[in-house]
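One letter stands for each residue in the lines below.
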Amino acid sequence: MSENIRKEIEQLRCKIRRHERLYYVDNAPEIGDADFDRLMRRLEALEAERPDLIAPDSPTQRVGGEPASELPTVAHRLPLMSLDNAFNEEELRAFDGRVKRLTAREDSNEEIEYVCELKIDGLAVSLTYENGVYALGSTRGDGQTGEEVTANLRTIRSVPLCIDNAPNLLEVRGEAYIPKAKLDEVNAQREANGETPFANPRNAAAGSIRLLDAGVAASRPLDIFIYSVGESVGLRLKSHAEALDLLKSCGFRVNPETRRVANIDEAVQFCQEWKERCRDLPYETDGVVVKVNSIAQQEELGATAKAPRWAISYKFPSEQAVTTIQEIHIQVGRTGVLTPRAALEPVEVSGVTVSHATLHNMDEIARLDVRVGDTVRIERAGGVIPRVLSVLKERRPEGSKPFEPPTSCPVCGGGAVRLPGEAALRCINPSCDAQLKRSVEHFAGRSAMNIDTLGPKRIAQLVDACFLKDVADIYILEPKPLAELDRMGDGTAANLMYAIEQSKEQDPSRLLHGLGIPFVGLTIAELLMEEFASLQAVAAASMEALEGVHGIGEKVAASVVQYFALPANRERIDRFKEYGLTLERDKEENGGPQPLEGMAFVMTGELPSLTRSEAKARIEEAGGRVTSSVSKKTAYVVVGANPGSKLGRAEALDIPILDESALLKLLDG
Ligand code: IVH
């Protein structure tokens, strides 16, 4: 009997690992989320029966353990070096010249073979596997000593927890990062919470990996690319390309754009090409790393105290520009946070016209001493709102005055205060129109109730006309008075009423997210609904009950409790119930419209804003299925950046092709 359990546990782990790899590393899932969850739940149940069989490399152990009080440090056995930089073609060629000289090739015509890799903008980390099992994760730190983040890196689903045919000891290195689209979300959430947004992708990754609570880290959309083998025992590799192949075969996620080239000309070409193309990637890159391919040559070249002589980092030209500040506006966020924003003399930065930049908060203004009329240097990185880097003080006009923080809300005139421990100023008037507008925008937005005819302009009109005094008033709008508003008419009013009616069927996790509770993004809302099954149960949950949910930490739990402690917020839930919104999860009943009933979809490539799992969830919600291979039965193939061979097959079979926006239209019926 107990032998049977052991066997089944082993088999389940093996299956789950395979499906995790297919989904998170190879982008080619073979089974649906529901089937995957079923395997996972069965394994959890068996492990609960036999806790003695729980092993750290079990797929159930990605999120577990107690939050740390501080991160311990680890001394790296082999230092994690840094890289020398090249800023242009000439410097790349000088590097090649040096390599040839030091390997005594300058007089022959022999070329040096290189591997070109995108330089991912995230946080450098190291992962150690002992006898094939993930045993230690650490940050690069200063290169000699890093911080131990084993539990947090384990939450990244593309990190294999065990590898087959591994040497006794294998240390791999790579870059952990947050995808661009997710970075936007994380930053928008931080601004709404009165926190300073992450200034760059690296800080975002570092902030998420260095969290003390792996449960919270698990809710951050982290991913990883592995780019080299560090320490190892018993491996004999001839080239870097071979090392990358080995890493791929072990199940690590290696960047697919990596290219082996025959000489420096081709390396230069790779750098030129990606200087432009990098904007279309779903993750941030800040250059290209060019590495000598042959390990024998690498050894011949050696390293300086700081960096290897066999690699160079070509930096993309920085996306900066100089312009002037015309005005400093104060924007009022959904939770009343007052965010200063600079209106700029429009300027082009890497192909995009920028006319606004964020100034984050009053501390930032004071730190930079930004004033109206100043000439400033700004920076734009994809996934991050343009920001002011510095003031060119020598160009400051005479008689300019320091910016005065507002003492009242620019919209409602209510008090603006700074709460203890917060960098942000907040408008403390709960019925401030600006807050209401932002709250309704969030509620009706794509990640929440998705009422697409209810955009910011329409919302402003409805609030200004006193049709909306609370988010819940959306559901008592009447077609007649609506139709009488400017730019409305019967047809538009009827469309709006229809879209509002449809939204009542949305899954309650979207409603919960739509409430705009600080720190409750869609992922957290999903976790809560999975656990509590109804909005009323979430509203009634205690601090302990909330903290008991995997992936929910103290901060989120406290925020939820605080929100529902307010009578007005509880009453809003009662109103939603009265108006017929879906507050409970009931798979059978929660039918909703099923525009994609019975259709099979295949996905290939990376979509600009939806992740693969989000796209899949939305297709399934609408009644469709996602399958892994294209056949005559496939209804549509959804294609994103860098599609695979599935695109060719779709074209050969004449299957209609959708991009993300066409998919979204289809989903909206
Ligand atoms: S190779 C000795 N390859 O860039 C070789 N580094 O200054 C050192 N980085 O923070 C690293 N993508 O994490 C290498 N494909 C790549 C990289 C990469 C990003 C980061 C690395 C470190 C910095 C090196």
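Located above this text is the structure these notes cover.
Here is a short report on the structure shown in this document. Just so we're clear, the structure is a prediction, and the values are computed from it rather than from any experiment.

The rules behind each value
- Residues numbered from 1 in each chain as written.
- Predicted model: local features only at pLDDT ≥ 70, side-chain atom pairs only at ≥ 80, totals over all residues.
- Heavy atoms only, no water.
- Near = heavy atom within 4 Å.
- Polar contact = N/O pair within 3.5 Å; in protein donor to acceptor, adjacent residues only side chain to side chain.
- Areas by Shrake-Rupley, 256 points an atom, 1.4 Å probe, with all protein chains shown as cover.
- Helix = DSSP H or I, 4+ residues; strand = E, 2+ residues; numbered from the N terminus.
- Nonpolar A, V, L, I, M, F, W, Y, C, P; charged D, E, K, R; others polar.
- Axes fitted to C-alpha atoms, helices over the stretch in contact; angles between N-to-C directions.
- Parallel < 35°, antiparallel > 145°, perpendicular 65-115°, else oblique.
- Left-handed = near helix turned anticlockwise from the far one by under 90°.
- Contact = heavy atoms within 4.5 Å.
- Salt bridge = Lys/Arg side-chain N within 4 Å of Asp/Glu carboxyl O.
- Buried < 20%, exposed > 50% of the residue type's maximum accessible area, 1.4 Å probe, protein only.
- Pairing = 2+ DSSP bridges.
- Phe/Tyr/Trp six-rings, centres within 6.5 Å; stacked < 30°, edge-to-face > 60°.
- Lys NZ or Arg CZ within 6 Å of the ring centre and 35° of its normal.
- 1 Å grid on protein atoms, 1.4 Å probe; cavity = no way out; pocket = protein on both sides within 12 Å on 5 of 7 lines; lining within 4 Å.
- Points joined across faces, edges and corners; volume = space filled by probe spheres on them.

1. Topic: the site of the ligand
Now for step 1: Near the ligand there are 13 residues, and of these Glu117, Lys119, Ala124, Glu175 and Tyr227 occur at the shortest range.
Now for step 2: A distance of 2.7 Å separates a nitrogen atom of the ligand from a polar side-chain atom of glutamate 117.
Now for step 3: Isoleucine 120 is positioned with one of its backbone polar atoms (N or O) 3.2 Å from a nitrogen atom of the ligand.
Now for step 4: Computed on the free molecule, the ligand has an accessible area of 520 Å², of which 85% lies beneath the protein chains in the complex.
Now for step 5: Of all the elements in the fold, those that place two or more residues in the shell around the ligand are strand 3 (114–120) and strand 10 (285–292).
Now for step 6: With four residues, the single largest contributor to the shell around the ligand is strand 3.
Now for step 7: Tallied by class, residues from the shell around the ligand come to eight nonpolar, one polar and four charged.

2. Quick word on the packing of helix 22 (residues 612–621) against helix 24 (residues 660–667)
The relative placement of two packed helices is expressed as an angle between their axes plus a distance between the axes.
Now for step 1: Contact pair helix 22 / helix 24: the axes reach a minimum separation of 10 Å and the direction vectors enclose 25°. Between helix 22 and helix 24, the angle falls in the class roughly parallel. Here the hand of the crossing between helix 22 and helix 24 comes out left-handed. For the pair helix 22 and helix 24, the contacting residues are Ala615, Arg618 and Ile619 in the first and Leu663, Leu664 and Leu667 in the second.
Now for step 2: Along the lines of polarity and charge, the residues of the contact of helix 22 with helix 24 split into five nonpolar, no polar and one charged.

3. What about the pattern of salt bridges?
Now for step 1: Summed over all chains, the structure comprises 44 salt bridges.
Now for step 2: Between aspartate 223 and arginine 253 there is a salt bridge, with its nearest N and O atoms 3.3 Å apart. In this pair, aspartate 223 sits in strand 8 (residues 223–232) while arginine 253 sits in the loop between helix 8 (240–249) and strand 9 (259–261), placing the two residues 30 residues apart along the sequence. Neither aspartate 223 nor arginine 253 differs from the other in exposure class; each is buried.
Now for step 3: Salt-bridge contacts for glutamate 273 lead to arginine 259; the nearest nitrogen and oxygen are separated by 3.4 Å. Of this pair, glutamate 273 sits in helix 9 (residues 264–277) while arginine 259 sits in strand 9; the two residues are 14 residues apart in sequence, bridging distant segments of the chain.

4. A short note on the environment of arginine 173
Now for step 1: By secondary structure assignment, the location of arginine 173 is in strand 7 (residues 169–177).
Now for step 2: Exposure remark for arginine 173: the relative accessible area of 11% places this residue in the buried category.
Now for step 3: With 35 residues separating them along the chain, arginine 173 and serine 138 place their C-alpha atoms 9.7 Å apart.
Now for step 4: Residues in contact with arginine 173, not counting those within four places in the same chain, are Leu78, Pro79, Leu80, Val125, Ser126, Ile226, Tyr227, Ser228 and Gly230.
Now for step 5: Within the local environment of arginine 173, its side chain forms a polar contact with the backbone oxygen of leucine 78, the two atoms lying 2.8 Å apart.
Now for step 6: Here glutamate 171 takes part through its side chain, which lies 2.8 Å from a polar atom of the side chain of arginine 173.

5. Description of the sheet that holds strand 8
Strand pairing in a sheet is mediated by backbone hydrogen bonds. Such pairs are either parallel or antiparallel.
Now for step 1: What the four strands build is an open sheet, ordered 5-4-7-8; its pairing is antiparallel. Of all the strands in the sheet, just strand 5 (133–139) and strand 8 have a single pairing partner and so form its edges. Pairwise comparison of adjacent strand axes, ignoring direction, gives a mean angle of 25° for this sheet.
Now for step 2: Sheet topology note: the strand 4 (residues 123–130)/strand 7 ladder contains eight bridges and is antiparallel. The residue bridging glutamate 130 from the neighbouring strand is leucine 169, located in strand 7.
Now for step 3: Lying over the sheet, helix 6 (residues 201–209) contacts strand 4, strand 5 and strand 7, oriented at roughly 40° with respect to strand 4.

6. Observations concerning the sheet that holds strand 20 (residues 625–627)
Now for step 1: Pairing within the open sheet is parallel, and its four strands lie in the order 20-19-21-22. Strands at the two margins of the open sheet, each flanked by one partner only, are strand 20 and strand 22 (657–658).
Now for step 2: On top of the sheet, helix 22 reaches strand 19 (600–604) and strand 20; it is set at about 170° to strand 19, its chief contact.

7. What to know about unusual backbone geometry
Now for step 1: Not every positive phi belongs to a glycine, and alanine 104 is a case in point at roughly 55°.
Now for step 2: Mapped onto the elements, alanine 104 comes out in the loop between helix 3 (89–102) and strand 3.
Now for step 3: The backbone phi angle of aspartate 654 is positive, close to 65°, even though this residue is not glycine.
Now for step 4: Within the secondary structure layout, aspartate 654 lies in the loop between helix 23 (646–653) and strand 22.
Now for step 5: By relative accessible area, which is 69% here, aspartate 654 ends up exposed.

8. Some thoughts on the pairing of strand 5
Now for step 1: Two strands pair when backbone bridges link them, and strand 4 and strand 5 are joined in this way by six bridges, in the antiparallel orientation. Within the sheet, the bridge partner assigned to leucine 127 lies in strand 5 and is glycine 137.
Now for step 2: The antiparallel pairing of strand 4 with strand 5 creates a hairpin that spans two residues between the two strands, and asparagine 131 there sits at a positive phi of about 45°.

9. Regarding the packing of aromatic side chains
Now for step 1: Counted by the stated rule, this structure contains 14 aromatic pairs.
Now for step 2: For the ring pair tyrosine 23 and tyrosine 24, a centre distance of 4.7 Å and an interplane angle of 65° mean the geometry is edge-to-face.
Now for step 3: By relative accessible area, tyrosine 23 is classed as buried at 13%.
Now for step 4: Overall, the relative accessible area of 28% leaves tyrosine 24 in the partly exposed class.
Now for step 5: Ring plane angle 80° and centroid distance 6.1 Å describe the contact between tyrosine 314 and phenylalanine 316, whose orientation is recorded as edge-to-face. Residues tyrosine 314 and phenylalanine 316 agree in their burial class; the two are buried.
Now for step 6: The side chain of arginine 277 reaches across the aromatic face of tryptophan 274, ending 4.2 Å from its centre.

10. Section: empty space enclosed by the protein
Now for step 1: Per the stated rule, a full pass over the model turns up three cavities of 30 Å³ or more.
Now for step 2: By volume, the largest cavity amounts to about 80 Å³.
Now for step 3: Lining of the largest cavity is provided by Glu117, Leu118, Ile120, Phe225, Ile226, Tyr227, Leu244, Val254, Asn255 and Thr258.
Now for step 4: At the level of secondary structure, the elements contributing two or more residues to the lining of the largest cavity comprise strand 3 and strand 8.
Now for step 5: When the residues that make up the lining of the largest cavity are grouped by side-chain class, the tally is seven nonpolar, two polar and one charged.

Any functional reading would require information that these geometric values do not contain.
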